[in-house]
Amino acid sequence: AQSVAQPEDQVNVAEGNPLTVKCTYSVSGNPYLFWYVQYPNRGLQFLLKYITGDNLVKGSYGFEAEFNKSQTSFHLKKPSALVSDSALYFCAVRASNTGGFKTIFGAGTRLFVKA
Amino acid sequence: DAGVIQSPRHEVTEMGQEVTLRCKPISGHDYLFWYRQTMMRGLELLIYFNNNVPIDDSGMPEDRFSAKMPNASFSTLKIQPSEPRDSAVYFCASSQTGWDTEAFFGQGTRLTVV
């Protein structure tokens, strides 16, 4: 069965410091991985995705993610955090099933960036 | 495009009443998803459609929940009768065909059943 794990409920980081939000996955075949961000009272917004190719993927707002096949991980990173990055972050994996596909989301990690 | 549009944004209803949530996907997107978000269970996929046809409704919690997509620009999620445990934020999302396509989410409907 396909699954996504975000081992940290919350990540705290000081503004200007690098941040990492962790994600591991389990999927049959090649993974299609995504990161989304959710601000209060809003829907999820797409940040970046890994489909194939370079293991380091760059996305919106200065975020990047590193795909590691051997560790089945897709950690989200940013070199210098901003207070405005404080939000709920979701890792997601696209999985196959008969007749179509669906995206499975992790439980989410709340990021707090302190000024 | 205005993005995925959901209505209403907030709904408060009494237990036992019927509730209908509405969604207009992005034009040209042929996949539509309904998700439910709660603190306890996170983001759950309820059902998704491809070209207006339901593909997987295994996430629909029980028979009280039903979803339809009569055409490419409109979908509904209905709960009848509603119960307090249905209180959650319900999101609609749409995407184009393809393994590498991201989903675009609406702003959600916050449902409170009292």
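Keep in mind that what you see is a predicted model, and the values were worked out from it rather than measured. (Residues numbered from 1 in each chain as written. Chains lettered and ligands numbered in written order. Predicted model: local features only at pLDDT ≥ 70, side-chain atom pairs only at ≥ 80, totals over all residues. Heavy atoms only, no water.)

A. Just the environment of Trp 35 of chain A, in detail. All names here are of chain A. Position of Trp 35 among the secondary structure elements: in strand E5 (residues 32–38). For the pair Trp 35 and Lys 49, spaced 14 residues apart in sequence, the C-alpha to C-alpha distance is 6.4 Å. A polar contact is formed between the side chain of Trp 35 and the backbone oxygen of Phe 74, at a distance of 2.9 Å. (Helix = DSSP H or I, 4+ residues; strand = E, 2+ residues; numbered from the N terminus. Polar contact = N/O pair within 3.5 Å; in protein donor to acceptor, adjacent residues only side chain to side chain.)

B. Main features of the state of the cysteines. Residues and elements named next belong to chain A. Counted according to the given criterion, the structure contains two disulfides over all chains. Disulfide pairing is shown between Cys 23 and Cys 91; the S-S distance is 2.0 Å. Taking the sign of the S-S torsion, -65 degrees for the link of Cys 23 and Cys 91, the bridge is left-handed. Here Cys 91 lies in strand E10 (residues 87–97) and Cys 23 lies in the loop between strand E3 (19–21) and strand E4 (24–26), a separation of 68 residues in the sequence. (Disulfide = S-S within 2.5 Å.)

C. Here's a closer look at the pattern of salt bridges. One pass over the full model with this rule turns up twelve salt bridges over all chains. A salt bridge links Asp 85 of chain A to Lys 78 of chain A, with the nearest nitrogen and oxygen atoms 2.8 Å apart. Of the two residues, Asp 85 of chain A and Lys 78 of chain A, both sit in the buried class. One salt bridge in this structure joins Asp 86 of chain B and Arg 64 of chain B, with 2.6 Å as the shortest N-O distance. Highlighted residues: Asp 86 of chain B in the loop between strand E8 (74–79) and strand E9 (88–95) and Arg 64 of chain B in the loop between strand E6 (53–56) and strand E7 (65–71), separated in sequence by 22 residues. (Salt bridge = Lys/Arg side-chain N within 4 Å of Asp/Glu carboxyl O. Buried < 20%, exposed > 50% of the residue type's maximum accessible area, 1.4 Å probe, protein only.)

D. How the structure looks around the interface of chain A and chain B. Counting residues at the interface gives 24 residues for chain A, matched by 23 residues for chain B. Taken over both partners, the interface formed by chain A and chain B buries close to 2,000 Å², and the fraction arising from carbon and sulfur atoms is 54%. On inspection of chain A and its partner chain B, the count reaches one salt bridge. Where Glu 102 of chain B meets Lys 49 of chain A, a salt bridge forms, and the shortest distance between an N and an O atom there is 3.0 Å. Seen at the junction of chain A and chain B, the total is six residue pairs in polar contact (both at pLDDT 80 or more). Residue assignment for the side of chain A that touches chain B shows that the elements contributing at least two residues are E5, strand E6 (44–50), E10 and strand E11 (100–105) of chain A. No other element matches E10 of chain A, which puts six residues into the side of chain A that touches chain B. Among the residues forming the side of chain A that touches chain B, the class breakdown is eleven nonpolar, nine polar and four charged. (Contact = heavy atoms within 4.5 Å. Buried area = accessible area lost by both parts, 1.4 Å probe. Nonpolar A, V, L, I, M, F, W, Y, C, P; charged D, E, K, R; others polar.)

E. Representation of the nonpolar core. If you look at the biggest cluster of nonpolar residues, it comprises 27 residues, and the most contacted ones within it are Trp 35, Leu 47, Leu 48, Phe 74, Leu 76 and Tyr 89 of chain A. Looking at which element gives the most residues to this core, the answer is E10 of chain A, with four residues. Residues in contact with Leu 48 of chain A, not counting those within four places in the same chain, are Leu 33, Phe 34, Trp 35, Val 57, Lys 58, Gly 59, Phe 63, Glu 64, Ala 65, Phe 74 and Leu 76 of chain A. Within the second largest apolar cluster, 21 residues are counted, among which are Leu 21, Leu 77, Ala 88 and Tyr 90 of chain B. (Core = buried A, V, L, I, M, F, W, Y, C linked by side-chain atoms within 4.5 Å.)

F. Summary view of the packing of aromatic side chains. Throughout the structure, instances matching the rule amount to 17 aromatic pairs over all chains. Here the aromatic rings of Tyr 36 of chain A and Phe 46 of chain A are separated by 6.0 Å at their centres, their planes lie at 70 degrees, and the arrangement is edge-to-face. With a gap of ten residues between them, Tyr 36 of chain A in strand E5 and Phe 46 of chain A in strand E6 connect regions that are remote in the sequence. The exposure class assigned to Phe 46 of chain A is partly exposed, which follows from its relative accessible area of 24%. Grouped by ring-pair contacts, the aromatic residues Phe 34, Tyr 36, Phe 46, Phe 90 and Phe 105 of chain A together with Tyr 31, Phe 33, Tyr 35, Tyr 48, Phe 91 and Phe 105 of chain B constitute a single cluster. In this structure, Lys 78 of chain A packs its charged tip against the face of Phe 63 of chain A, placed 5.0 Å from the ring centre. (Phe/Tyr/Trp six-rings, centres within 6.5 Å; stacked < 30°, edge-to-face > 60°. Lys NZ or Arg CZ within 6 Å of the ring centre and 35° of its normal.)

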